[in-house]
Amino acid sequence: MNSIGYVFKVAALVFAVHGTGLAQVYNYEPYNEEDLEDFERPNKLHFGMNINVGKAGGGSSVFYNGTGLGELGDVFRELISIPERLDWNSVASGTGNSVRNQIAQQLGLADAGAMSVATYPIDQRYDVGFGFGLRVMQRFNLENAIVMDVDIWRLKSRGAWQLDTGMLPDQGQGATDLRDFGIFASEERMQFHLGYRTASPVDKSVSWIFELGGSMTAARIREHYIEVNQNTYDLIVPRQGQIFGAGTPELTWGVGYGGYVRLGAEAYLEAGAGLELAYCLGYDGVVLGNSDFRVFNHGLQLTWLFPPPQMTSASF
């Protein structure tokens, strides 16, 4: 027996629960080629639930490098650089109590005006992200199906920047005093996949699957800030110091388009249900503010396909 097929059979037996006992893998007995010719799955509309884990391409994370070169395209807020943030309070409110002075006090520096940004992050990347979603799939026969997935992701990006305090380090030993601090961002993404899927049966319990299609990605920035001595300072700020009313409006969604390929296997369960594990490679358009990025995204997806509902299948 194919070893990978055996793994999926075991996974199906472990994870599929039906009624008061474990579900039986569909038609689990040994097969021959004649039996396989007559083997079919319900040609009906299926629904499923997705659990995703993945690594977003780092190309779009340059938007969060602290230089403030991006544009949000928002009438209420703007993206500013780290140096601009150091002086933001004094510019916006005229109080003179700038972030620069606050940080100098926290770090015990005598001259706040001597501080400057030494380096911006060169390794700004996304953390491993998690997502959840729903699937709708219409099977035409055992081999062919149309699939639509809708998934929501929460992503975090992080990097490090250096502050030059303008002081001498180590009691005067050395040229400059450089200190490392973090810069962070978080995004919300909603992703739509629509594709054609074909299956190649291994036996009556497992099929290899291949899927190809198009994608649409809607992305929205949730927050973007630097952290110094456990204090955070936003890099997305109100335009000209304006004050919002009852609630802060959400930033708008940016929409990009791309394509994807998905490879994996499906374990067949009783009553037409299924358990699928697949790797997905996407070449997606990610729009943050007015910036459009093209990135490769990698992900693993576990999908539980429910038994088809007891209704007439869609006609095609």
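What counts, and where the lines are drawn
- Residues numbered from 1 in each chain as written.
- Predicted model: local features only at pLDDT ≥ 70, side-chain atom pairs only at ≥ 80, totals over all residues.
- Heavy atoms only, no water.
- Pairing = 2+ DSSP bridges.
- Helix = DSSP H or I, 4+ residues; strand = E, 2+ residues; numbered from the N terminus.
- 1 Å grid on protein atoms, 1.4 Å probe; cavity = no way out; pocket = protein on both sides within 12 Å on 5 of 7 lines; lining within 4 Å.
- Points joined across faces, edges and corners; volume = space filled by probe spheres on them.
- Nonpolar A, V, L, I, M, F, W, Y, C, P; charged D, E, K, R; others polar.
- Buried < 20%, exposed > 50% of the residue type's maximum accessible area, 1.4 Å probe, protein only.
- Contact = heavy atoms within 4.5 Å.
- Polar contact = N/O pair within 3.5 Å; in protein donor to acceptor, adjacent residues only side chain to side chain.
- Core = buried A, V, L, I, M, F, W, Y, C linked by side-chain atoms within 4.5 Å.

J.: Is there a simple way to think about the pairing of strand β8 (residues 144-164) in this case?
T.: Within a regular strand, side chains alternate between the sheet's two faces. Where strand β5 (residues 116-119) meets β8, 3 bridges bridge the pair, whose relative direction is antiparallel. By the bridge assignment for β8, Val117 is matched with Leu163. In terms of strand pairing, strand β6 (residues 125-126) meets β8 through 2 bridges, oriented antiparallel. Residue Tyr126 lies in a different strand from β8, and its bridge partner there is Ser157. Sheet topology places strand β7 (residues 128-139) next to β8; 10 bridges connect them, and they run antiparallel. Across the sheet, residue Leu134 finds its bridge partner in β8, namely Val150. Where β7 folds back onto β8 in an antiparallel hairpin, the turn is made up of 4 residues. In this structure, β8 lies alongside strand β9 (residues 178-201), joined through 21 bridges in antiparallel fashion.

J.: In this structure, what is going on with empty space enclosed by the protein? I would like to understand it.
T.: Regions of empty space are outlined by a rolling probe, equal in size to a water molecule, passed over the atoms. Counting across every chain of the model gives 1 cavity of 30 Å³ or more. Its volume calculated, the largest cavity comes out at about 270 Å³. The wall of the largest cavity is formed by 22 residues, among which Trp153, Gln191, Asn297, His298 and Gly299 lie closest to the centre. Looking at the lining of the largest cavity, the elements with two or more residues in it are β3 (45-55), β8, β9, β14 (274-288) and β15 (291-305). Top element by residues in the lining of the largest cavity is β15. It accounts for 5 residues. Its residues placed into classes, the lining of the largest cavity shows 7 nonpolar, 10 polar and 5 charged.

J.: Would you take a moment to explain the side chain of Glu211 for this structure?
T.: In this structure, Glu211 sits in strand β10 (residues 206-228). On the accessibility criterion, Glu211 (1% relative accessible area) is buried. When neighbours within four sequence positions are excluded, Glu211 is seen to be in contact with Val147, Gly195, Tyr196, Arg197, Tyr260, Val261 and Arg262.

J.: Teacher, can you tell me more about the environment of Arg154 here?
T.: Structurally, the position occupied by Arg154 is in strand β8. Taking the C-alpha atoms as reference, Arg154 lies 6.4 Å from Gly129; in sequence the two are 25 residues apart. When near neighbours in sequence (up to four residues on either side) are disregarded, Arg154 contacts Gly129, Phe130, Glu187 and Glu188. Here Glu188 takes part through its side chain, which lies 2.9 Å from a polar atom of the side chain of Arg154.

J.: Looking at this model, I keep getting lost on the nonpolar core. Mind explaining?
T.: Soluble, globular proteins show a tendency: their nonpolar side chains are buried together. One finds Ile82, Ile103, Trp161, Leu163 and Ile226 to be the most contacted residues of the largest nonpolar core, which totals 21 residues. The set of elements that each furnish at least two residues to this core consists of α3 (82-86), α5 (99-107), β8, β9 and β10. No other element matches α5, which puts 4 residues into this core. The contacts of Leu163, once residues within four sequence positions are left out, are Ile103, Leu107, Met115, Ser116, Asp177, Leu178, Arg179 and Phe181.

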